[in-house]
Structure formats: C-alpha cells, structure tokens
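# Fold and contact review
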Amino acid sequence: MRRLAVLAATTVSLLILGVALLAGDAVAQQKSLKEQLVGTWKLVSSHNVRRDGSRVDNYGPNPRGILIYTSDGHFVLVNTRSDLPKLASNSRDRGTPEEYKAVVQGSLAYFGIYSVDEADKVITAQIEGSTFANMIGGPDQKRIITSLTADELKFTNPGGTSGVTELVWKRAK
C-alpha cells in the first residue's frame, strides 16, 4: 500500500512538473510587440474618421502601401493610390501642376526610427525623411495598436489634423 502511495505521489509530481515546463515554454515563446511587428506589411485600408463620424478612404478604394519594421528599430512606409496618374511628359521634372497635385495628394512616404511602448501598445516614430517635409523633425508620431496577430496589424494615428486615421495591414508573404 505504501508503494502505491509513493508511486501515486511520484506520478502526480511528474505530471505537475511536466505541465509547469510546458507552461514555461509557452511563456518563453511569446514574443514582445516589437518582435511581432518586425517584418513587411502590405496596406489593406486607410480611412480617416472625421470628427463628425464620416469616413474617407485616404488612398482610394484599392490602396497600395508597404510598411517595413526592422529588428534594429528602423522603419519605412510608402502609401499610394492605385490610380496615380502617369505624367504625360514621362519625366519626373516636367509634370503639369495638376499631375503634381494628384501625385502629392495620392501618396505619402516616410522613414525613420521607431520604438514600442509594450504596456500602452503604442508605436512611436521619429521621422527622418518624408515626401511631406513638414513631418521631418517634428513631434514624434504615435500609432496606437488596436489589434496584432501573426498576419494582421491594425493601428490608429490619433494625430491627424482632421480626425483619426485607421490603418489595416496584412503581413507580406
């Protein structure tokens, strides 16, 4: 009888140890937000939610964009409308005012360094270069992560001049 009790106690102890080790591995395998962000993302949608509640597609119904986060804290973002006009002159320095306006209003690119506040789920970007020069050296840009899975990233940009921008990204494969 005593051997049976010792055997039962040993078995229960080994089961508890096994569960604890598996749980420890699961915790150790969870990645930080920054580690989950690293990689290449493709733009799915970008909407501006105005103060009156109306929504506007920032880059039209079929936006194109890429966002790359590196493990050493650098990033680059390029977003464009899918229907950007080609310049009739076929030369970047000989467009018409209307062509230039359409390109500027239909695209945005910037790059710099970023950090992640894990507790508040906020990405902070310091812009080093941009097609909209007003962003360079300005206040840090904040992006609030609203959802992050292995294949999808959603965040908001609360600092827009006319409302909040909501962006959805899919991991590039």
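We now turn to the structure provided with this report. (Residues numbered from 1 in each chain as written. Predicted model: local features only at pLDDT ≥ 70, side-chain atom pairs only at ≥ 80, totals over all residues. Heavy atoms only, no water.)

### Section: the overall build of the protein chain
On a plain count of helices and strands, the protein chain comes out with 3 helices and 9 strands. Along the protein chain, helices and strands appear, N-terminal first, in the series α-α-β-β-β-β-α-β-β-β-β-β. Across the 173 residues in the protein chain, those meeting the buried criterion constitute 31%. Sequence-distant contacts, at least 24 apart, represent 47% of the contacts inside the protein chain between residues at least 6 apart. (Helix = DSSP H or I, 4+ residues; strand = E, 2+ residues; numbered from the N terminus. Buried < 20%, exposed > 50% of the residue type's maximum accessible area, 1.4 Å probe, protein only. Contact = heavy atoms within 4.5 Å.)

### What to know about the environment of Asp-93
Here Asp-93 is to be found in the loop between strand S4 (74-80) and helix H3 (97-105). The class for Asp-93 is exposed, based on a relative accessible area of 62%.

### Digging into the side chain of Asn-157
Its place among the elements puts Asn-157 in strand S8 (residues 152-157). Under the relative-accessibility criterion, Asn-157 is labelled buried at 14%. Reaching out from Asn-157, the side chain makes a polar contact with the side chain of Arg-143 at a distance of 3.4 Å. In this structure Asn-157 touches Gln-141, Lys-142, Arg-143, Gly-163, Val-164 and Thr-165, once residues within four positions along its chain are discounted. (Polar contact = N/O pair within 3.5 Å; in protein donor to acceptor, adjacent residues only side chain to side chain.)

### Some details on a negative patch on the surface
Together, Glu-35, Asp-117, Glu-118 and Asp-120 make up a negatively charged patch on the protein surface. Within the secondary structure layout, Asp-117 lies in strand S5 (residues 107-117). Judged by its relative accessible area of 32%, Asp-117 falls in the partly exposed class. (Patch = residues over 30% accessible without salt bridge, like charges linked within 9 Å, V, L, I, M, F, W, Y side chains within 5 Å. Areas by Shrake-Rupley, 256 points an atom, 1.4 Å probe, with all protein chains shown as cover. Salt bridge = Lys/Arg side-chain N within 4 Å of Asp/Glu carboxyl O. Lys, Arg positive; Asp, Glu negative; His and termini not counted. Charge placed at Lys NZ, Arg CZ, Asp CG, Glu CD.)

### Overview of the side chain of Ser-130
Tracing the chain through its elements places Ser-130 in strand S6 (residues 122-130). Reaching out from Ser-130, the side chain makes a polar contact with the backbone oxygen of Ala-109 at a distance of 3.2 Å. Polar contacts involving the side chain of Ser-130 include one to the main-chain amide nitrogen of Phe-132, which spans 2.9 Å. Ignoring anything within four residues of it in the chain, the contact list for Ser-130 reads Leu-108, Ala-109, Tyr-110, Met-135 and Ile-136.

### Looking at the pattern of salt bridges
Counted by the stated rule, this structure contains 5 salt bridges. Taking the shortest distance from any N to any O, the salt bridge between Glu-152 and Lys-154 comes out at 3.9 Å. On the basis of relative accessibility, which here comes to 18%, the residue Glu-152 falls in the buried class. Residues joined in a network through salt bridges with shared partners are Glu-152, Lys-154 and Lys-170.

### Here's the deal with the packing of aromatic side chains
Tallied over the full model, the rule gives 4 aromatic pairs. With a centroid separation of 6.3 Å and an interplanar angle of 35°, the aromatic rings of Phe-155 and Trp-169 are classed as tilted. One end of the pair, Phe-155, is in strand S8; the other, Trp-169, is in strand S9 (residues 163-171), with 14 residues separating them in the sequence. Trp-169 shares its class with Phe-155; the two are buried. Taken together, the ring pairs in this structure connect Tyr-69, Phe-75, Tyr-110 and Tyr-114 into an aromatic cluster. When the ring centre of Tyr-114 is taken as reference, the NZ or CZ atom of Lys-34 above it lies at 5.3 Å. (Phe/Tyr/Trp six-rings, centres within 6.5 Å; stacked < 30°, edge-to-face > 60°. Lys NZ or Arg CZ within 6 Å of the ring centre and 35° of its normal.)

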